[in-house]
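Coordinates in review
Single-letter residue listing:
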Amino acid sequence: MTDTRPDPDALLARVQHEEAAARRGRLKIFFGANAGVGKTFAMLAAAHAVKLQGRPVCIGVVETHGRIDTEAITRDLPRLALKDVAYRGQTLREFDLDAALAWGKEQPGGVLLLDELAHSNVRGSRHAKRWQDAQELRAAGVEVWTTLNVQHLESLNDVVGGIIGIRVQETLPDKVFDEADEVVVVDLPPDELLQRLKEGKVYLPAQAERAARNFFRKGNLLALRELALRRTADRVDDQMQAYRREHSAASVWPNRESLLACVGPGAASDKVVRSAARLAQQLGLDWHAVHVETAQALSDPARLRVQRTLELAKSLGARTAVLSAPEVATALAGYAREHNLSRLVVGRRENAWRWPGRPSLADALNRQAEEMDVLQVALPTAARESETPAPQVRGLLAPRALRGYAASLVGVGATTFVAQALLAWIATTNIAMLYLLNVVGVALRYGRAPAALAALLGVAAFDFFFVEPRWSFVVADAQYLVTFAVLLLVGLVIGQLAAGLQAQAKAAQERERRVRGLYAMSRDLGAALVPEQVAEIAGRFLRAEFGAASAVLAPPLGASPGREVLGVLPGAAVQPDLGVAQWAFDHGQPAGQCTDTLPASACLMLPLTAPMRVRGVLAVESSGRRWLPDERELLDTCAALLAISLERIHYIEVAQHSTLQIESERLRNSLLTAISHDLRTPLAALVGLADALKLAPPRLSTQQAEVAEAMRRSSLRMSALVSNLLDMARLQSGTVRLNRQWLPLQEVVGTTLASMDEVLAGRDVAVELPGDLPLVELDAVLIERVLVNLLENAAKYTPPGSPIRIDARVAGRHLEIDVTDSGPGFPAGREAQLFDKFERGDRESATPGVGLGLAICKAIVQAHGGQITAHNVAHGGACVRVELPLGKPPV
């Protein structure tokens, strides 16, 4: 009898999930194939219907794209004000998440409309994506309605890109779509959509014409429509499966055709798999392939056949599984009901011998699963003939079986001797119980065949020694024939059951031993702090479990993705082929022995695939052995644990490095700030004393005046360095607030040149600023500091008297300012590094400086939303370009 009671752990998890879902706001997605099918309009129409029912409704953000009918339907709905976000000199209107959260608190049970779920927020927003805003709203208990196109699903991004020829950049994880409480499909035939496009109901006329030539082609629309409907069907199928599991559905619902191929140990099971694969391909169905392990142990050749057949099924697109159960038909029917598989494919053997009264597998499935279709595949004659009982015969004559036969003889003899001694005190019929006890003992120790022999010998001994006339096989009373038959039958049944229980107990012990080993390994891996410890733990586990030598290969920490070269970690017990291991690592697939890729290798290479990426390769020396299905499954589990451990160690290294960098940066900034403040006062006094020496009577001699001037210049240079240190510390601490005003660039450049008269003396500074340059919103003091640093560098690193050029131009939505000199230029390939702190072009140069000028320029320009770059000029010299965003100046 099948136990259909629900699992208590599953019930508890279900209750906890429902409680968590009750606290979260619902998510309703209006899902379509592409723009223009009416998702936003359908969402707004549904919102009006909900509003009439008395529920609060508010528009968080809705993109109408100029559609008149969509604009009209929004007028009667309250709308949250959008917030202004400054980005690269422009003011953009974005969704106000804080206002939405406040509205949700004021209007419990309300619905917030949030259009275009895959939208990317402006840099500087709390979340990078709008779907993350929706997640925070749901966590606060706000119900969110939104819209989504199929091309924005991450798993379909490459498929859609191949159809329309454009890679969609705005995507969201499929998990968000799958976890939605409700999905409403908004569908429109391609012809109607194209007509709407012509009528200007999708885009404005200029956009519509461009869209009709590129994206909105009928073939694209048909393909996207099919993708949307299929993805929705998959989601509905997952929901149905979840409902069946939650409610313990006992029968198969044939809402979606699917196949289950039953894989046996016979040589013809591959035909069953191939037939199921062809049928699934012809009908476009999903299919599974399952093998059931019973208490009857299989020979090693049979287990290898099962493994090869399951690997064949997997290569043909099936989901494979190995089940353990006392009855094959019961296990198959249960698996089919659990996965809602409506068709079972089994092999049919003509004239196959079976125990009397024992049905075939197909008949047993028909009885236990009346709602399923059972398809039988005729096995080829050659395959049936090839399945000789040689393995079974070898099993009957195995050393263990021979010892069991001897034990049966000894046991029957001992039982007979004991019964002879007790014959005066017990009845003859009770002696039969002693022989049954012997059968049980032999079955538990040696298995079925010795137990059957013990049953036969027990009946013969009972007849010969204890049934009248004794000492012969002649039976005087015919009633004893019934006793003999029952005794033999009960002995055989008891032997069969005892042997089955023994096999199941051994299998359970083996599983428990492996689980205990995996638990010990996972516990040790949890304490591992370096990859070398992971390799040691893996080698210890594989040596204890399989007696196999192993090695773990991993790229060095910090290697760039895509260019990792594997190295063998210390403690390896085998020297693997690095080329084969590198192939397995690069492709994320097993290679080496027992695989179809480079099988000549002495080791089996398993990629260590972690949740984020492949972290290494596990090499296991096979020495010509064939890994059985359960052994290969254990190897895969071991590889998964190793991969997770290596990834954990990697992120520990990343976190430690980041923490160290943050602490070092904080300490350095604190030190720079303290030193800068302490040095400013004595430096200012030193400059003042130098000026006083020059001006105070009596006048200094020429030599003394030169010394005073040198002292003044050195003090000023030191003061400038200290100011740079202090400014860098202030910029990185985030305490600098921009005083942005709309100013002409000519004014800033003029002020800068006026302050640089002494530094630029004797140089020709050419300034080319067009008269029609627009106003720029900037902090004049900080931008002046940028130009001062650039001009100082140009003066320090170029020959005296060489010209310097400043010019500016409008380039798109940016204003470009170039400062060009005629010096030796920047070191090739290090242009970007020069903007790092304490980085200098020529580290051996005698020119004074600490390498902070360009770093300060970069920080100031980035604070303005711009960027700064450096390059060498073709005719000689260096050029630093500052790009500042252009906004819309006030009238």
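Definitions and cut-offs
- Residues numbered from 1 in each chain as written.
- Predicted model: local features only at pLDDT ≥ 70, side-chain atom pairs only at ≥ 80, totals over all residues.
- Heavy atoms only, no water.
- Helix = DSSP H or I, 4+ residues; strand = E, 2+ residues; numbered from the N terminus.
- Buried < 20%, exposed > 50% of the residue type's maximum accessible area, 1.4 Å probe, protein only.
- Contact = heavy atoms within 4.5 Å.
- Areas by Shrake-Rupley, 256 points an atom, 1.4 Å probe, with all protein chains shown as cover.
- pLDDT = per-residue confidence, 0-100.
- Phe/Tyr/Trp six-rings, centres within 6.5 Å; stacked < 30°, edge-to-face > 60°.
- Lys NZ or Arg CZ within 6 Å of the ring centre and 35° of its normal.
- Core = buried A, V, L, I, M, F, W, Y, C linked by side-chain atoms within 4.5 Å.
- Pairing = 2+ DSSP bridges.
- Axes fitted to C-alpha atoms, helices over the stretch in contact; angles between N-to-C directions.
- Expected span 1.5 Å × (residues − 1).
- Right-handed = clockwise from strand over helix to strand, strands pointing away.
- Parallel < 35°, antiparallel > 145°, perpendicular 65-115°, else oblique.
- Left-handed = near helix turned anticlockwise from the far one by under 90°.
- Nonpolar A, V, L, I, M, F, W, Y, C, P; charged D, E, K, R; others polar.
- Arc of directions from axis to C-beta.

Comments concerning the overall build of the protein chain
When helices and strands are tallied, the protein chain shows 27 helices and 24 strands. Residues classed as buried in the protein chain amount to 40% of the 891 residues present. Across the protein chain, every contact between residues at least 6 apart in sequence was considered, and the portion connecting residues at least 24 apart equals 69%. Carbon and sulfur atoms make up 56% of the accessible area of the protein chain, which amounts to about 47400 Å² in all.

Section: the confidence of the model for the protein chain
On average, residues of the protein chain score 79 in pLDDT, and 81% of them reach the 70 mark or higher. Scored below 50 in pLDDT, residues 382-394 makes 9 contacts in the model with residues more than four places away or belonging to other chains.

Quick notes on the packing of aromatic side chains
Taken as a whole and assessed by the stated rule, the structure comprises 2 aromatic pairs. When the ring of Phe-31 is compared with that of Phe-177, the centres are 4.8 Å apart and the planes differ by 45°; the resulting orientation is tilted. On the criterion of sequence distance, the pair formed by Phe-31 in strand 1 (residues 27-32) and Phe-177 in helix 7 (residues 174-178) is long-range, its members being 146 residues apart. Here Phe-177 falls in the buried class, since its relative accessible area comes to 0%. Across from the ring centre of Trp-145, 4.4 Å away, lies the NZ or CZ of Lys-28, which sits over that ring.

Quick look at the nonpolar core
If you look at the biggest cluster of nonpolar residues, it comprises 40 residues, and the most contacted ones within it are Leu-790, Ile-817, Val-882 and Leu-884. It is helix 26 (residues 780-796) that contributes the most residues to this core, 9 residues altogether. Non-local contacts of Leu-790, meaning those with residues more than four positions away in its chain, are made with Val-819, Leu-854, Cys-857, Val-880 and Val-882. Of all hydrophobic cores here, the second largest spans 36 residues; its members include Leu-101, Ala-134, Val-150 and Leu-156.

Comments concerning the sheet that holds strand 7 (residues 182-185)
Sheet architecture is open: 5 strands sit in the order 2-5-6-1-7, paired in parallel fashion. Every other strand in the sheet has two partners, leaving strand 2 (57-61) and strand 7 as the edge strands with one partner each. Strand-to-strand twist of the sheet, defined as the mean angle between neighbouring strand axes without regard to direction, takes the value 25°. As paired strands, strand 1 and strand 7 are joined by 4 bridges and run parallel to one another. Within the sheet, the bridge partner assigned to Phe-30 lies in strand 7 and is Val-184.

Re helix 11 (residues 269-283)
Relative to the 21 Å expected for 15 residues at 1.5 Å per residue, helix 11 spans 21 Å between its end C-alpha atoms, a close match to the ideal helical length. Turning to helix 11, its buried residues are Ser-269, Val-272, Val-273, Ser-275, Ala-276, Ala-277 and Ala-280. Immediately downstream of helix 11, the backbone of Gly-284 shows phi near 65°, a positive value.

Notes on the pairing of strand 8 (residues 258-263)
Most of strand 8 is tucked away, with 6 of its 6 residues classed as buried. Judged by which residues are buried, strand 8 turns out to be covered on both faces: Ser-258, Leu-260 and Cys-262 on one side and Leu-259, Ala-261 and Val-263 on the other are all buried. Judged from the 6 bridges that link them, strand 8 and strand 9 (residues 286-293) form a sheet pairing that is parallel. Across the sheet, the residue bridging to Leu-259 is Trp-287, located in strand 9. Running through helix 11, the crossover from strand 8 to the neighbouring parallel element strand 9 is right-handed. Relative to strand 11 (residues 343-348), strand 8 is paired through 3 bridges, and the arrangement is parallel. Note that in strand 11 the partner of Leu-260 across the bridge is Leu-344.

With respect to the packing of helix 25 (residues 745-755) against helix 26
In the contact formed by helix 25 and helix 26, the axes pass within 9 Å of each other and the chain directions differ by 50°. The pairing of helix 25 with helix 26 is recorded here as oblique in orientation. Of the two elements, helix 25 crosses helix 26, and the hand of that crossing is right-handed. On the side of helix 25, the interface is formed by Val-748, Val-749, Thr-751, Thr-752, Leu-753 and Ser-755, while helix 26 contributes Ala-780, Ile-783, Glu-784, Leu-787, Val-788 and Leu-791. Grouping the constituent residues of the contact of helix 25 with helix 26 by class yields 8 nonpolar, 3 polar and 1 charged.

A few points about helix 25
Within the span of helix 25, buried status applies to Leu-745, Val-748, Val-749 and Thr-752. Take helix 25 and look down its axis: the buried residues cluster within an arc of 95°, on one side only.

A word on the environment of Glu-116
With respect to the helices and strands, the residue Glu-116 is situated in the loop between strand 5 (111-114) and helix 5 (130-139). Sequence separation between Glu-116 and Trp-131 is 15 residues; the distance between their C-alpha atoms is 8.7 Å.

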